[in-house]
Structure formats: C-alpha cells, structure tokens
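# Secondary and tertiary structure notes
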Amino acid sequence: MTATSPVVSSTLKIDFVSDVSCPWCVIGLKALEEALDRVGGGVKADIHFQPFELNPNMPAEGQDIGEHLAEKYGSTPEQSQRNREMIRARGQEVGFTFSMDKRGRIYNTFDAHRLLHWAGEQGQGLQQALKEALFKAYFTDGESPGAHEVLVRVAGEAGLDTRRAKDILASVEYADTVREREQFYLQQGIHSVPAVIINDKHLISGGQPAEVFEQALRQIAAAG
C-alpha cells in the first residue's frame, strides 16, 4: 500500500489524545489535518479530542519553562534552546506560529480539558475549534491556558456560549469525567502525546509528518 493508493469511502473514528500545552500535539494535529485534506472526500474523520495532562500537579500560577524542563528532563539551557528552535521550524512547516519569546511558563491545563469535554457535546466542529484556539492562545499569543478569563474568551472565539463556559469553570462540572478519561488512556499504555487512535485499535504516536498519517488513513480505510 502506497500513499497514492485509492481510498474507498469510509468514516474513521479518531481519538486524538493530547494536552493543550504540548507543542508536538499542535504539529501532529496540523499534520493529521493535512493528511485528511490529501486523501480527500474518500475518508471522513470523526475526531474526538481526549484529555492528557503532561503536568497534572502543576500549580495554578505555573512554572518557568526553563526551570521546568531542567527539573523534569535534565535539559540544559542550550538543549532547551535547540529543542525550541526545532519545534518553531516544524511549526512553520505545518503553518503554525510558535512565538517562543512569548511562552515563558508552563501552566495547569485541567480546566481547559473540562471545557474541551463540554465543547465535544455541543456539536460537530466546536471541540476542534476550541482546541485550535487554545493552541493559538498558548503557543502563539503566550497566554495561560489555565486562566479562566482566557478560557472564557477563547471559548467565545471558538463559537461557544461564554456564559455557560464561565459557569462550568466556576464549578467542578466534568472534572470526574475528565479524570476518568485520563486514567483510561494511561491504563491503555498511553504515556506520551500526541497519541492518535484510529477506530479504537490503530495507534500512531508522536507529531508525525503528514505522509505518515496519510498512508495510515489510506490503509485503514481500504481495509474496511
């Protein structure tokens, strides 16, 4: 099977397990979107964004990104700078702007995942719109995806009801559901993201190039 093989008409269920503070998740999503464009109308995707927290114990005020990377991965400032440049370049390739000078902290993302779960109940496309708006708010604009005022505004930009978003954030609504989903994927062996699961059985890990996603989509659709 090659990347140019014909595709029969098919709808694929895609669970995109990710965190809104994960740069490789941005790259993976953009590559997946490009792959879906390449295969055309033969393959339709039913995409569900599933929660994963890279730093579930991060306090609300966040942590300096350099300090965080040194503590968590043992990264030197030079290594961190090289990684940031690699991410910036990969983002440019897929049409996304990583403003590294604006992103100085890592934040808690649990409330963002609560809103994303709610958005997934509101109709086709709204969850993905919110996900992409959150990526832009954090990685391009340097805003905190944990700040309620940011989350409410971004929800509105994605076409969601801001009053309802504010009420959710002021409560513990969807908290148990999000934790259950996080535990489910951890128990399935997902310990790094993005993890793209197609039809509940095919796993593609990491921010892969569009060609990798395209070939997988064609193969899985053709296999029925």
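Reading guide: rules and limits
- Residues numbered from 1 in each chain as written.
- Predicted model: local features only at pLDDT ≥ 70, side-chain atom pairs only at ≥ 80, totals over all residues.
- Heavy atoms only, no water.
- Helix = DSSP H or I, 4+ residues; strand = E, 2+ residues; numbered from the N terminus.
- Rg over C-alpha atoms; globule rule 2.2 N^0.38 Å.
- Buried < 20%, exposed > 50% of the residue type's maximum accessible area, 1.4 Å probe, protein only.
- Contact = heavy atoms within 4.5 Å.
- Areas by Shrake-Rupley, 256 points an atom, 1.4 Å probe, with all protein chains shown as cover.
- Lys, Arg positive; Asp, Glu negative; His and termini not counted.
- Charge placed at Lys NZ, Arg CZ, Asp CG, Glu CD.
- Axes fitted to C-alpha atoms, helices over the stretch in contact; angles between N-to-C directions.
- Parallel < 35°, antiparallel > 145°, perpendicular 65-115°, else oblique.
- Left-handed = near helix turned anticlockwise from the far one by under 90°.
- Nonpolar A, V, L, I, M, F, W, Y, C, P; charged D, E, K, R; others polar.
- Phe/Tyr/Trp six-rings, centres within 6.5 Å; stacked < 30°, edge-to-face > 60°.
- Expected span 1.5 Å × (residues − 1).

## Side note on the overall build of the protein
- Secondary structure assignment for the protein yields nine helices and six strands.
- Since a compact globule built from 224 residues should have a radius of gyration of about 17 Å, the 17 Å found for the protein is in line with a globular shape.
- Overall, the protein is about 50 × 45 × 35 Å in size when its C-alpha atoms are taken along their principal axes.
- The 224 residues of the protein split such that 48% are buried.
- Pairs at least 24 residues apart make up 77% of the contacts formed inside the protein by residues separated by at least 6 positions.
- Accessible surface computed for the protein: about 10800 Å², of which carbon and sulfur atoms make up 48%.
- In the protein, which carries 23 positive and 31 negative side-chain charges, the distance between the mean positions of the two groups comes to 2 Å.

## Quick notes on the packing of helix α4 (residues 110–120) against helix α7 (residues 162–169)
- For the pair α4 and α7, interaxial distance at closest approach is 10 Å and the crossing angle is 130°. Taken together, α4 and α7 sit at an angle that is classed as oblique. Here α4 and α7 pass one another in a crossing that is right-handed. Each of D111, R114, L115 and W118 in α4 lies in contact with α7, whose residues at this interface are R164, A165, I168 and L169.
- Residue classes in the contact of α4 with α7 are distributed as five nonpolar, no polar and three charged.

## Section: the packing of aromatic side chains
- Summed over the entire model, instances satisfying the criterion amount to seven aromatic pairs.
- Taking the centre distance of 4.9 Å and the plane angle of 65° together, the rings of F96 and F98 count as edge-to-face. As far as burial versus exposure is concerned, F96 and F98 are alike and both buried.
- Their ring planes at 50° and their centres at 6.2 Å tell us that F135 and F139 sit as a pair that is tilted.

## Examining the packing of α4 against helix α5 (residues 126–140)
- Between α4 and α5, whose axes approach to 7 Å, the crossing angle comes to 155°. When the interaxial angle is binned, α4 and α5 end up roughly antiparallel. The two elements α4 and α5 cross, and the hand of that crossing is right-handed. On the side of α4, the interface is formed by A112, L115, L116, H117, A119 and G120, while α5 contributes L126, Q127, L130, K131 and L134.
- Residues belonging to the contact of α4 with α5 are distributed by class as follows: seven nonpolar, three polar and one charged.

## A look at helix α1 (residues 23–39)
- With 17 residues, α1 extends 25 Å between its outermost C-alpha atoms, agreeing within 8% with the 24 Å of an ideal straight helix rising 1.5 Å per residue.
- Extensive coverage of α1 is indicated by the burial of 12 of its 17 residues.
- On its buried face, α1 sits against β1 (10–18), β2 (43–51), α3 (77–93), α5 and α9 (210–223).
- Remark: G40 follows α1 within two positions and exhibits a positive phi of approximately 70°.

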